[in-house]
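What the coordinates show
What follows is each chain in one-letter form.
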Amino acid sequence: MESGLEKKHRGLRVVMAVILAILAAILSWKDDDFEHTFMDRCQKFKGANCHTIWDAFQQAYINKDPCEVPPEAYDPVIAAAPMESACNTFMFWSKTKDVVHDVTRKNNCFKTVEDVLLGSVLDKQVWCGKKGSNEIFTTGCPGWTECEKNPVRSFWNRISAAFGDSACGDVTVMLNGSLPAPFDERSIFASVELKRFKFPRVKHLTVVLVTQENSETNCSNESLRKLEMELLDKGIGYRCSAVTQSHLEKCASDPDKPCGACW
């Protein structure tokens, strides 16, 4: 016959088993939810072979150390979801994500990397794998700066390179005029996308410097002069226009404004 202590221990074991089962179910639900979000977003793009894209995406990081996933691991999924080269519509950004997407949502003139298939599917998502496991994890993954070759950072570096390669004609970048150096040489725009610009494929870059009322930063900023010189060395034209955020938001809402007229 069981003693009272043995019954208590057996009861605790049952409770722990239930808790572990619930936690496993929650983690499985999160993984399923990640795949569901991926597929749901992907299927909004007409003609996309979403199952092939999903399979190629998983191969980049599944069963790998989450700090050892290089950008080139995503080459197959980039190839599975090629970008359209719609010249004169490419919009790059640095430290202006909310503003630039507010503008692109209100008109169909420009597209950012988050507007192409893979960028749209994985925007604001977190994922990783683990060595020795075929599971997908959406929690416990390394942060952006925790290790250089983490799955999320490597993905955005790789797709940004592809986005830069696809750019053609006159391109635009929206930079943050509230910063001492709007053109940050450590940013993805400076270190990845800009490096892919080649003349004559890319002919001209317009900088939209987003400022606040009474802002002291303007187009004569030293960092922007460095950007201009880098472009001139490539043979690419340059123009900078400082525009307040309030003007941008109001102007972009006007359906009668032609593309680019807000700056």
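Structural notes, computed from the coordinates.

Rules behind the numbers
- Residues numbered from 1 in each chain as written.
- Predicted model: local features only at pLDDT ≥ 70, side-chain atom pairs only at ≥ 80, totals over all residues.
- Heavy atoms only, no water.
- Disulfide = S-S within 2.5 Å.
- Helix = DSSP H or I, 4+ residues; strand = E, 2+ residues; numbered from the N terminus.
- Buried < 20%, exposed > 50% of the residue type's maximum accessible area, 1.4 Å probe, protein only.
- Salt bridge = Lys/Arg side-chain N within 4 Å of Asp/Glu carboxyl O.
- Phe/Tyr/Trp six-rings, centres within 6.5 Å; stacked < 30°, edge-to-face > 60°.
- Core = buried A, V, L, I, M, F, W, Y, C linked by side-chain atoms within 4.5 Å.
- 1 Å grid on protein atoms, 1.4 Å probe; cavity = no way out; pocket = protein on both sides within 12 Å on 5 of 7 lines; lining within 4 Å.
- Points joined across faces, edges and corners; volume = space filled by probe spheres on them.
- Nonpolar A, V, L, I, M, F, W, Y, C, P; charged D, E, K, R; others polar.
- Expected span 1.5 Å × (residues − 1).
- Arc of directions from axis to C-beta.
- Contact = heavy atoms within 4.5 Å.

Quick look at the state of the cysteines
Counting across every chain of the model gives 7 disulfides. Shown here is the disulfide that connects C87 with C168, its sulfur atoms set 2.0 Å apart. Residues C87 and C168 are joined by a disulfide whose S-S torsion is about -110°; by sign, that bridge is left-handed. Residue C87 is found in the loop between α3 (75-80) and β1 (91-94), and its partner C168 is found in the loop between α6 (151-166) and β2 (169-176); the two are separated by 81 residues along the sequence. Covalent S-S linkage joins C128 and C141, the inter-sulfur distance amounting to 2.2 Å. Across the S-S bond of C128 and C141 the torsion is about -80°, and the bridge reads as left-handed. With a gap of 13 residues between them, C128 in the loop between α5 (117-122) and α6 and C141 in the loop between α5 and α6 connect regions that are remote in the sequence. Per residue, the accessibility class of C128 equals that of C141, and both read buried.

Remarks on the pattern of salt bridges
Inspection of every chain in the model, using the stated rule, returns 7 salt bridges. With a closest N to O distance of 3.0 Å, D102 and K106 form a salt bridge. Of this pair, D102 and K106 both sit in helix α4 (residues 97-106), 4 residues apart, roughly one helical turn. The buried category is assigned to D102, whose relative accessible area is 18%. Overall, the relative accessible area of 36% leaves K106 in the partly exposed class.

Considering the packing of aromatic side chains
The geometry of an aromatic ring pair comes down to the distance between the two centres and the angle between the two planes. Tallied over the full model, the rule gives 19 aromatic pairs. Aromatic side chains F34 and W54 sit 6.0 Å apart centroid to centroid with 55° between the ring planes, which places their arrangement in the tilted category. Residue F34 is found in helix α1 (residues 4-42), and its partner W54 is found in helix α2 (residues 50-59); the two are separated by 20 residues along the sequence. By relative accessible area, which is 3% here, F34 ends up buried. A centroid spacing of 6.2 Å and a plane angle of 40° characterise the contact between F34 and F57, whose relative ring orientation is tilted. Of this pair, F34 sits in helix α1 while F57 sits in helix α2, placing them 23 residues apart in sequence. For the pair F34 and F57, one class covers both residues: buried.

Concerning the nonpolar core
Ranked by size, the top nonpolar core spans 54 residues in total, and within it F57, Y61, F197 and L227 carry the most contacts. With 6 residues, the top contributor of residues to this core is α6. Listed in part, the 15 residues of the second largest apolar core include V210, A252, C262 and W263.

Remarks on the layout of surface pockets
One way to see where empty space is left: roll a probe the size of a water molecule over the atoms. Reported here for the largest pocket is a volume of approximately 590 Å³. Around the largest pocket sit 29 residues that line it, and W144, W156, N157, S187 and I188 are the ones nearest its centre. At the level of elements, β1, α6 and α7 (188-193) are the ones that each hand at least two residues to the lining of the largest pocket. Of all the elements, α6 adds the most residues to the lining of the largest pocket, at 6 residues. When the residues that make up the lining of the largest pocket are grouped by side-chain class, the tally is 11 nonpolar, 7 polar and 11 charged. Size it by volume and the second largest pocket reaches roughly 390 Å³. Lining the second largest pocket are 16 residues, with F45, P82, M83, E84 and L117 positioned closest to its centre. Grouping the amino acids of the lining of the second largest pocket by side-chain chemistry returns 10 nonpolar, 2 polar and 4 charged.

A few points about helix α8 (residues 222-234)
With 13 residues, α8 ought to run about 18 Å at 1.5 Å a step, and its terminal C-alpha atoms sit 19 Å apart, in line with that. Burial in α8 covers these residues: S223, L224, L227 and L231. What you see down the axis of α8 is that its buried residues fit within an arc of 100°, all on one side. Where α8 is buried, its residues meet β2, α7, β3 (202-211) and β4 (237-244). G235 sits one or two positions beyond α8 and adopts a positive phi of about 85°.

Keep in mind that these numbers describe shape and distance, not what the molecule does.
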